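Working through the structure, step by step
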Amino acid sequence: MNGTLFMFGVAFMSPTTVLPHFINNFTDSRLIVGMSSFLHVGCWSIPQVFAATWLERFPRKKKFYLAGSLGRISFTCTGLWFIYRLHETEPMLGLALFFACYGLGMVFGGLAGLSFFDMIAGAIPTHRL
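These remarks concern the structure in this document. (Residues numbered from 1 in each chain as written. Predicted model: local features only at pLDDT ≥ 70, side-chain atom pairs only at ≥ 80, totals over all residues. Heavy atoms only, no water.)

Side note on the overall build of the protein
Helix and strand counts for the protein stand at five helices and zero strands. Order of helices (α) and strands (β) in the protein, N terminus to C terminus: α-α-α-α-α. Counting only C-alpha atoms and orienting by the principal axes, one finds that the protein spans roughly 55 × 25 × 25 Å. Classification of the 129 residues of the protein by burial places 35% in the buried group. (Helix = DSSP H or I, 4+ residues; strand = E, 2+ residues; numbered from the N terminus. Buried < 20%, exposed > 50% of the residue type's maximum accessible area, 1.4 Å probe, protein only.)

So, the nonpolar core
Core analysis: the largest hydrophobic core is formed by 13 residues, its most contacted members being Leu-19, Ile-23, Leu-95, Phe-98, Phe-99 and Tyr-102. Of all the secondary-structure elements, those providing two or more residues to this core are helix 2 (18-24), helix 3 (30-56) and helix 5 (91-123). Looking at which element gives the most residues to this core, the answer is helix 5, with five residues. Setting aside residues up to four positions removed in sequence, Leu-95 forms contacts with Ile-23, Phe-26, Thr-27, Ile-32 and Ile-83. (Core = buried A, V, L, I, M, F, W, Y, C linked by side-chain atoms within 4.5 Å. Contact = heavy atoms within 4.5 Å.)

Focus: the pattern of salt bridges
With the rule as written, the count across this model stands at one salt bridge. In this structure, Asp-118 and Lys-61 form a salt bridge, with 3.1 Å as the shortest nitrogen-oxygen distance. Of this pair, Asp-118 sits in helix 5 while Lys-61 sits in the loop between helix 3 and helix 4 (62-86), placing them 57 residues apart in sequence. (Salt bridge = Lys/Arg side-chain N within 4 Å of Asp/Glu carboxyl O.)

Structural notes on helix 4
The end-to-end C-alpha distance of helix 4, which contains 25 residues, comes to 36 Å, matching closely the 36 Å that a straight helix rising 1.5 Å per residue would cover. Buried within helix 4 are the following residues: Phe-64, Tyr-65, Gly-68, Ser-69, Gly-71, Arg-72, Thr-76, Gly-79, Ile-83 and Leu-86. Buried residues along helix 4 sit against helix 1 (2-11), helix 2, helix 3 and helix 5. (Expected span 1.5 Å × (residues − 1).)

Some thoughts on the state of the cysteines
Under the defined criterion, the tally for this structure stands at zero disulfides. Free of any disulfide, Cys-43 has its nearest cysteine sulfur in Cys-101, 12 Å distant. The thiol of Cys-101 is unpaired, and the distance to the nearest cysteine sulfur, on Cys-77, comes to 10 Å. Here Cys-101 falls in the buried class, since its relative accessible area comes to 9%. (Disulfide = S-S within 2.5 Å.)

Some thoughts on the environment of Phe-116
Mapped onto the elements of the fold, Phe-116 is located in helix 5. Setting aside chain neighbours within four positions, we find Phe-116 in contact with Asn-2 and Tyr-65.

Take a look at the structure:
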């Protein structure tokens, strides 16, 4: 159920379709439009390289999953709020703040994903993998 709801929510901000189209409403720069996909994939993946060995030390990872999920949701919503508040008066500032918040949200999402998959892997007996 968790995965279904997560994928349902992510579909509304798909980094390959919805998000680039949304960003294209604020700028004609193809580089900036392409950065939205990079922020999603890069900021989600890169922190995992550094956090995986650190996170492995902890026997319980649910608190890291919850903290990462809260950070992802908080920063992503804050970025959307900046776009909403600044889209008429300062669209480029709103876009820059959105990118900063969205990137931070994806960093937290990567940390949440790392601990989530570790919890799932521990829930399934090794002989059933």
